[in-house]
Number of protein chains: 2
Amino acid sequence: MTEDTPKNSRAGTIHQALRQAILEQALAPGAKLPEDLIASQFGVSRTLVREALGRLAGEGLVELRHNRGASVASPSLAEARDVFAIRRAMELLAVDALCGRLDAAQEARLQAHVDAEAAAQPMGDATSIRLAGEFHLLLAELTGNALLQRYVAELASRCSLILSLYGRPHSADCAVEEHRALIAALRDGDASACRALMEHHLDAVMGRALLPQRPGDMREVLARYAGTTSPSPPRRAKARSA
Amino acid sequence: MTEDTPKNSRAGTIHQALRQAILEQALAPGAKLPEDLIASQFGVSRTLVREALGRLAGEGLVELRHNRGASVASPSLAEARDVFAIRRAMELLAVDALCGRLDAAQEARLQAHVDAEAAAQPMGDATSIRLAGEFHLLLAELTGNALLQRYVAELASRCSLILSLYGRPHSADCAVEEHRALIAALRDGDASACRALMEHHLDAVMGRALLPQRPGDMREVLARYAGTTSPSPPRRAKARSA
DNA sequence: AGCCGCGATCTTGTATGCAATCCGCGGTGG
DNA sequence: CCACCGCGGATTGCATACAAGATCGCGGCT
């Protein structure tokens, strides 16, 4: 039907498991992902793990360094900006496609979803965040554009990862109310309202992430100091200045 | 630097070689891609071929059917529409990012490229088509958004494949003049002109592809007849009409 | 005492082998 | 004559085996 993940159950299983682990921060950005260990954990050979890691690398969730193995990606701020910019364009494409074209069944699915979000709100845990993200996936799905769905999924995943790196702890992510408002605008066919709502919504998320220079961004910081510093590249930078 | 193809030379080599072969229609859509044969041709083992095919599948250039091997993708018209819609959004994002922000060096690179296109025009062969496509890649690159660059590359590839399936033979692809006009608009910072030019440009390509119902689209046709036909699914469609 | 170079160990990259699955063909029965 | 069935060849899926490269710690040198 679609064209991505579930190729054959085995590699797909590992792929999805690792993906979820990364998105839930069970595997922190930068964490090493040794093939052997994963393979034994899943009871398969390295071959399948390798395939799964390759796909995750294709989605930008893991980094593959030659002869040095895989690790959970830790996107730079520049990459974050890139991802957000594209995500915005894709999600606007989705709302444009949907605006004024929601049939009853589609609207019902959206409503049901935000209801679920609202219900999960008090639990406050990862479920809430996941549902908020899946709302956007649902929008993409409703366009009927399978490729758009794939891209939005990929971009949303990367956004999740980015927020886990740079986001404020308080990321209650997407406000349920904003989702409801968007559904209303889609139903009413108010194109400019749709776009404005979606942009505002995404900007809120993005702003939460990109403003702060959290401790731990190191790579960005060091990059700006590099090239002018010590003659021999400092290998043992413990770099924990206040 | 970027984040895609050239991981390690070997698998990347095969990947690019197959990609080019597909885009040049040396390998026609639907063509079977046996691992063994490719492996022996490149002098490597099936492992690497498999990796390359996997990546190509991720880009939508080949289809992987479980236990049935890989073949060059032959996108349906619905997929074609999806791809075009997304490509348009991405390329508009690119021109928006570039409009009025071209520095001299960037403009020079663009000019040099279209000059090369013009020079290759009389040769009329695959080079011309390739250069026309690469103009769009160059635009994406100039935005400095690596992810956008990757996506545009992927989408342009798929467009190429689609045109090879559904396009009219005469596809002299992108007119050099349209490229020149776009550069001018970018330099002048005329945002709406930029968008209009790009949209017109892409619509021209898209229109060339999607209007005709060429013989050979079969899948689309059969899809509409399926579900009401024979009780046992007809297995022996040899389907090689002139 | 600190630094550099070197070997041991672990990890990854690639090839190969084996079992499972699918496709095509010939045989058989209606 | 046509449709169904079963078998052989070919091809994929996966695991394992082997080799190259990287990481880390230790001993020698300054």
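The model shown is predicted, which means the values in this text are computed figures rather than measured ones. (Residues numbered from 1 in each chain as written. Chains lettered and ligands numbered in written order. Predicted model: local features only at pLDDT ≥ 70, side-chain atom pairs only at ≥ 80, totals over all residues.)

### Some remarks on the relation of the copies chain B and chain A
Superposition of the two copies of the chain requires a rotation about an axis together with a shift along that axis.
Working step 1: When chain B is fitted to chain A, the residual RMSD is 0.0 Å, and the transformation amounts to a turn of 180 degrees plus an axial shift of 0.1 Å. Taken together, the rotation and translation relating the two chain copies correspond to the operation of a two-fold axis. When C-alpha distances to the rotation axis are compared across chain B, the minimum falls at Ala89 of chain B, with a value of 3.3 Å.
Working step 2: A shared interface surface links the copies, since 100% of the contact residues of chain B are contact residues in chain A too. (Least-squares fit on C-alpha atoms with pLDDT ≥ 70 in both. Contact = placed C-beta atoms within 7 Å.)

### Focus on the environment of Leu56 of chain B
Residue and element names in this part refer to chain B.
Working step 1: Tracing the backbone shows Leu56 in helix H3 (residues 46-58).
Working step 2: With 24 C-beta atoms counted inside 10 Å, the residue Leu56 sits in the buried group.
Working step 3: In sequence terms Leu56 and Leu18 are 38 residues apart; their C-alpha atoms lie 8.4 Å from each other.
Working step 4: Look past the residues within four positions of Leu56 in its chain and what remains in contact with it is His15, Leu18, Arg19, Leu61 and Val62. (Helix = DSSP H or I, 4+ residues; strand = E, 2+ residues; numbered from the N terminus. Buried ≥ 20, exposed ≤ 12 C-beta atoms within 10 Å, placed from the backbone.)

### Comments concerning the protein's contact with DNA strand D
Working step 1: Val44, Ser45 and Thr47 of chain A together with Glu35 and Gly69 of chain B are the nearest of the 16 residues found near DNA strand D.
Working step 2: Broken down by secondary-structure element, the contributors of at least two residues to the surface near DNA strand D are helix H1 (9-23) and helix H3 (46-58) of chain A together with helix H2 (35-42) of chain B.
Working step 3: When residues in the surface near DNA strand D are grouped by element, the largest group, 3 residues, is from H3 of chain A.
Working step 4: For the surface near DNA strand D, the per-class residue count stands at 4 nonpolar, 7 polar and 5 charged. (Near = placed C-beta within 6 Å. Nonpolar A, V, L, I, M, F, W, Y, C, P; charged D, E, K, R; others polar.)

### Thoughts on the nonpolar core
Working step 1: Within the largest apolar cluster, 124 residues are counted, with the highest numbers of intra-cluster contacts made by Met90 of chain A together with Met90 of chain B.
Working step 2: If we skip the residues at most four places from it in the chain, Met90 of chain B touches Ala89 of chain A together with Leu148, Tyr151, Val152 and Leu155 of chain B. (Core = buried A, V, L, I, M, F, W, Y, C linked by C-beta atoms within 7 Å.)

### Concerning the packing of helix H4 (residues 77-98) of chain A against helix H6 (residues 126-142) of chain A
Relative placement of two packed helices is described by the angle separating their axes and the distance separating the axes.
All names here are of chain A.
Working step 1: One way to put it is that H4 packs onto H6 with a least axis distance of 9 Å and a crossing angle of 50 degrees. The angle between the axes of H4 and H6 places the two elements in the oblique class. When you trace H4 past H6, the crossing you get is left-handed. Packed against H4, whose contacting residues are Glu91, Ala94 and Leu98, the element H6 presents His136, Leu139, Ala140 and Leu142 at the interface.
Working step 2: Tallied by class, the residues present in the contact of H4 with H6 amount to 5 nonpolar, 1 polar and 1 charged. (Axes fitted to C-alpha atoms, helices over the stretch in contact; angles between N-to-C directions. Parallel < 35°, antiparallel > 145°, perpendicular 65-115°, else oblique. Left-handed = near helix turned anticlockwise from the far one by under 90°.)

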